[in-house]
Amino acid sequence: MESLRQIFKTLADPTRLRLLFLLEREELAVQELMQVLEMAQSTVSRHLGILRDAGLLRVRREGTFVYYRLTSAEGEWREVWNLTRSSLRDDPTRTRDAAALGAILEARAVRTRSWFDAVGPEWDSLRRVFHDDTQRARAMTRLVPGGLRVADIGTGTGILAQELAGAGLRVIAVDHSRRMLDAARRKLESAGITSVDLRIGEVHDLPLRDAEVDAAFAHMVLHYVPSPADAVREMARIVGPGGTVVVVDFVQHDREWMKEKLGVMWQGFPMETVRTWFEQAGLEGLGIEVTESAARSPELPATFIATAHKRAEENAGSPSRGGAGQQPKTTRQ
Ligand SMILES: C[S@@+](CC[C@H](N)C(=O)[O-])C[C@H]1O[C@@H](n2cnc3c(N)ncnc32)[C@H](O)[C@@H]1O
């Protein structure tokens, strides 16, 4: 009885009702409520105090501002409030307040818009304060089907494997160098990543079964391998129907120093040759994106990203050499 009396007493004032309707829709500062209600601060604050004492408001401080919002009260209060709301659905004061609230929200949006209009292209340097690259990479993977299985071919020290596994993908990382795999293992361990399956093996004879993964990457690997065409054919074999093969490497170049300093076998590749590898591997929908070196370093050649897919239907002309269910040919690490 006493609690009902309190509820009705709280709701008996029209200003408090207006406040409740507004604060149910939006979290608002006292100054914003003053504008909508066209009332003095002392009046607004007094009513807010009564509502807060009744346990109906959540209060949040931000700098010099204090924001209020209706709590999600339960029980008797909720029932009475639902009844009040529906019986005052078409109340003209409520409609007027809703329009004034719309103007307040538009003013908030204008503040943000003007700020970005003023900043414009400077945003790229300002955004660095967020240090949000890792988060962004993680968010991007929400676009990727969960649990996607990916092979990182020629994983080296496992940089890509770490990023992919950290983002929740199931990664098999392959390299023919035991030392590189050891380095990758140490890097993954120190990052607390235990899910990557490290396997030793050659790109032209990958230690994976047919269709064992959904996607295969080779990042800056093919300019080291004796037969890049065989490598792409193997990558096509290990992805399932509809799977993706991605190769990142250098476009053909004349930087002799790379042979001596970096031990490369090929000075990049002409795009025609890249196209032939993918065609011969039975991959479809090839897309090639070339990035000139100037933006990175004039000493470095241009790079390309080549992406293609295996036909989605079952029994698509697979370039398999080992037949269905082929077993890994080399030991797991
Ligand atoms: C330049 S590193 C790139 C590493 C890594 N993908 C990255 O982008 O950081 C090339 C890697 O490919 C591996 N590699 C070269 N030829 C290979 C082959 N025939 N089979 C397997 N791995 C190979 C090397 O051991 C080395 O770790």
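Residues numbered from 1 in each chain as written. Predicted model: local features only at pLDDT ≥ 70, side-chain atom pairs only at ≥ 80, totals over all residues. Heavy atoms only, no water.

A. Seen up close, the sheet that holds strand β10 (residues 303–309). Ordered by their spatial adjacency, 7 strands build an open sheet running β6-β5-β4-β7-β8-β10-β9, and the pairing between neighbours is mixed. Strand pairing shows two members of the sheet lacking a second neighbour, β6 (197–200) and β9 (284–291), which therefore form its edges. Put simply, the sheet's adjacent strands are angled 15° from each other on average, direction ignored. Relative to β6, strand β5 (residues 170–175) runs parallel, the two sharing 4 bridges. When the bridges of β6 are listed, Asp175 appears paired with Ile200. Taken strand by strand, helix α9 (residues 159–166) contacts β4 (149–153), β5 and β7 (213–219), and its axis lies near 170° from that of β5. On the sheet, helix α11 (residues 228–238) packs against β4, β7 and β8 (239–250) and is oriented at approximately 150° with respect to β8. (Pairing = 2+ DSSP bridges. Helix = DSSP H or I, 4+ residues; strand = E, 2+ residues; numbered from the N terminus. Axes fitted to C-alpha atoms, helices over the stretch in contact; angles between N-to-C directions. Contact = heavy atoms within 4.5 Å.)

B. A look at the nonpolar core. Counting residues in hydrophobic clusters, the biggest one holds 33 residues, and the most contacted among them are Ile153, Leu222 and Phe278. Elements that contribute at least two residues to this core include exactly β4, β5, β7, α11, β8, α13 (271–280) and β10. Counting residues per element, this core draws most heavily on α11, which supplies 6 residues. Contact partners of Phe278, with chain neighbours within four places excluded, come to Val232, Val245, Val247, Leu283, Leu286, Ala306 and Ala308. Counting 27 residues, the second largest nonpolar core, distinct from the first, contains Leu20, Leu48, Val66 and Tyr68. (Core = buried A, V, L, I, M, F, W, Y, C linked by side-chain atoms within 4.5 Å. Buried < 20%, exposed > 50% of the residue type's maximum accessible area, 1.4 Å probe, protein only.)

C. Up close: the pairing of β5. Counted residue by residue, β5 has 5 buried out of 6 residues, so it is predominantly covered. Where β4 meets β5, 5 bridges bridge the pair, whose relative direction is parallel. Considered in β5, the bridge of Arg149 is made with Arg170. Traced from β4 through α9 to β5, the parallel crossover comes out right-handed. In this view, the connection linking β5 to its parallel neighbour β6 by way of helix α10 (residues 178–190) has right-handed handedness. (Right-handed = clockwise from strand over helix to strand, strands pointing away.)

D. Structural view of the packing of aromatic side chains. One pass over the structure, following the stated rule, counts 5 aromatic pairs. Relative to Trp277, the ring of Phe269 has its centre 4.8 Å away and its plane inclined at 75°; by these criteria the two rings are edge-to-face. Linked through ring pairs, Phe21, Trp77 and Trp81 together constitute an aromatic cluster. Geometry around Phe21 places Arg94 over its ring, the cationic atom sitting 4.0 Å from the centre. (Phe/Tyr/Trp six-rings, centres within 6.5 Å; stacked < 30°, edge-to-face > 60°. Lys NZ or Arg CZ within 6 Å of the ring centre and 35° of its normal.)

E. Broad picture of the site of the ligand. In the vicinity of the ligand, 15 residues are found, and the nearest of them are Gly154, Asp175, Glu202, Val203 and His219. Here an oxygen atom of the ligand and a side-chain polar atom of Asp175 are 2.5 Å apart. Contact with the protein chains hides 85% of the accessible area of the ligand, taken as 600 Å² for the molecule alone. Its residues assigned to classes, the shell around the ligand shows 6 nonpolar, 7 polar and 2 charged. (Near = heavy atom within 4 Å. Polar contact = N/O pair within 3.5 Å; in protein donor to acceptor, adjacent residues only side chain to side chain. Areas by Shrake-Rupley, 256 points an atom, 1.4 Å probe, with all protein chains shown as cover. Nonpolar A, V, L, I, M, F, W, Y, C, P; charged D, E, K, R; others polar.)

F. Geometry of unusual backbone geometry. For Ala211, which is not glycine, the phi dihedral falls at a positive 55°. Along the chain, the position of Ala211 falls in the loop between β6 and β7. In this structure, Met220 is a non-glycine residue whose phi angle is positive, near 60°. One can find Met220 in the loop between β7 and α11.

G. The pairing of strand β2 (residues 57–62), seen in detail. Examined bridge by bridge, β2 and strand β3 (residues 65–70) share 6 bridges and lie antiparallel to one another. Of the residues in β3, the one forming a bridge with Arg61 is Val66. Linking β2 to β3, which pair antiparallel, is a turn of 2 residues; within it Gly63 sits at a positive phi near 60°.

H. Representation of helix α3 (residues 30–37) within the structure. Among the residues of α3, Val30, Glu32, Leu33, Val36 and Leu37 are the ones counted as buried. Projected down its long axis, α3 carries its buried residues within an arc of 160°, all on one side. Packed against the buried residues of α3 are α2 (14–25), β1 (28–29), α4 (41–53), β3 and α6 (92–119). Directly after α3, the chain includes Glu38, whose backbone phi takes a positive value near 55°. (Arc of directions from axis to C-beta.)

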